[in-house]
Amino acid sequence: MRPCTFFIVSLMLLTVFTGCKEDAKKPVKTQEVRFTKEGTLSFFSQKSDSLIMTMDIEIADNSYETQTGLMYRKGMERKQGMLFVFEREEMHAFYMKNTAFPLDLIFIKTDLTIASFQENAEPFNENSLPSGVPVQYVLEVNAGLVQELGLTVGDRIAYEKL
């Protein structure tokens, strides 16, 4: 290779690699994700069959939505949540990767009864939060809501998609 050609090729490669390195330093901007009401969900006491509370929900029922969940959000209102709907009842586990606010996870069986809880899940924590038993639904709500409402295993939900 001629010295002049070698110099030009070297300069081009240096420019390409330097350009890539500088691009990697630029912060990635994400668009804020806002709550979109897609349905309502009600909690009912197993002891009295009385209504405990009704809330607005987003529904995650496809692969992308169930994998993304509440990531990249700043928070939710008290009476808002996200209901994950899976095809069948099986063991499920969640984590708080890229989730900036604490959550309670409510694991729900096919018959819409509450099976288990994971309360006060820590923001950005990637540890597994398992259902402990097979479930078909998972409801994410603001941390503390399970305790505030006095929800127990065996209480039930009903939901309606808009």
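Residues numbered from 1 in each chain as written. Predicted model: local features only at pLDDT ≥ 70, side-chain atom pairs only at ≥ 80, totals over all residues. Heavy atoms only, no water.

**A word on the overall build of the protein chain**
Condition: Put simply, DSSP H or I for four residues or longer makes a helix, DSSP E for two residues or longer makes a strand, and each gets a number counted from the N terminus. Buried means the residue's accessible area, taken with a 1.4 Å probe over protein chains only, is under 20% of the maximum for its type, while exposed means over 50%, and partly exposed covers the values in between. Any two residues whose heavy atoms approach within 4.5 Å at even a single point are treated as in contact. Per-residue accessibility takes into account occlusion by the displayed protein chains alone, with areas from the Shrake-Rupley method and a 1.4 Å probe.
The secondary structure content of the protein chain amounts to three helices and nine strands. Residues counted as buried form 35% of the 162 residues belonging to the protein chain. Considering only contacts within the protein chain whose residues lie at least 6 apart along the sequence, 70% involve residues at least 24 apart. Put simply, the protein chain shows about 10,200 Å² of open surface, and 54% of that area lies on carbon and sulfur atoms.

**Some words on the confidence of the model for the protein chain**
In plain terms, the rule: The pLDDT value tells you how sure the predictor is about a given residue, anywhere from 0 up to 100.
Looking at the protein chain as a whole, its pLDDT mean stands at 88, while 81% of the residues score no less than 70. Per-residue pLDDT stays below 50 along residues 3–16; that stretch engages in one contact with residues further than four places along the chain or on separate chains.

**Side note on the pattern of salt bridges**
Put simply, the test is: The term salt bridge refers to a side-chain nitrogen of Lys or Arg lying within 4 Å of a carboxyl oxygen of Asp or Glu.
For the structure on display, the rule yields seven salt bridges. Across the pair arginine 73 and glutamate 58 runs a salt bridge whose closest N-O atoms are separated by 2.4 Å. Residue arginine 73 is located in the loop between α2 (63–68) and β3 (80–90), and its partner glutamate 58 is located in strand β2 (residues 51–60); the two are separated by 15 residues in the primary sequence. Given the relative accessible area of 8%, arginine 73 is considered buried. Overall, glutamate 58 belongs to the buried group, its relative accessible area being 6%. One salt bridge in this structure joins arginine 88 and glutamate 87, with 3.8 Å as the shortest N-O distance.

**A few points about the pairing of β3**
We count it as follows: We treat two strands as partners when DSSP finds at least two bridges between them.
The sheet contact formed by β2 and β3 spans five bridges and is parallel. If you follow alanine 60 over to β3, its bridge partner there is phenylalanine 84. Direction of pairing for β3 relative to strand β8 (residues 135–142): antiparallel, over a ladder of six bridges. Looking across to β8, one finds that methionine 82 is bridged to glutamate 140.

**Details of the nonpolar core**
Spelled out, the test is: Side-chain atoms within 4.5 Å link the members of a nonpolar core, which is a set of buried Ala, Val, Leu, Ile, Met, Phe, Trp, Tyr and Cys residues.
In this structure, Leu41, Phe43, Met55, Ile106 and Leu139 are the most contacted members of the largest nonpolar core, which totals 19 residues. No other element matches β2, which puts four residues into this core. Each residue touching methionine 55, except ones within four places of it in the same chain, is listed here: Gly39, Thr40, Leu41, Phe43, Arg78, Lys79, Gln80, Gly81, Leu139, Val141 and Leu145.

**Observations concerning the environment of leucine 162**
Relative to the helices and strands, leucine 162 is located in the segment after β9 (156–161). Looking at leucine 162, the relative accessible area reads 67%, which means it is exposed. Through-space distance from the C-alpha of leucine 162 to that of isoleucine 57 is 9.9 Å; in sequence the pair is 105 residues apart. Apart from residues no more than four positions distant in its own chain, leucine 162 is found in contact with Lys37, Glu38 and Gly39.

**Describing the packing of aromatic side chains**
Aromatic ring pairs are reported here in terms of the distance separating the ring centres and the angle at which the planes meet. For clarity, the threshold we go by: Aromatic rings from Phe, Tyr and Trp, with only the six-membered ring used for Trp, were paired whenever their centres fell within 6.5 Å, and each pair was classed as stacked if the ring planes differed by under 30 degrees, edge-to-face if by over 60, and tilted otherwise. Placement of a charge over a ring requires the Lys NZ or Arg CZ to be within 6 Å of the ring centre, with the centre-to-atom vector within 35 degrees of the ring normal.
Following the criterion strictly, the structure yields four aromatic pairs and no others. Ring pairing ties together the aromatic residues Phe84, Phe86, Phe94 and Phe107, which thus form one cluster. The ring of phenylalanine 44 has arginine 156 sitting right over it, with the charged end atom 4.4 Å from the ring centre.

**Regarding the environment of isoleucine 106**
For isoleucine 106, the location among the structural elements is in strand β5 (residues 103–108). The exposure class assigned to isoleucine 106 is buried, which follows from its relative accessible area of 0%. For the pair isoleucine 106 and valine 146, spaced 40 residues apart in sequence, the C-alpha to C-alpha distance is 8.1 Å.

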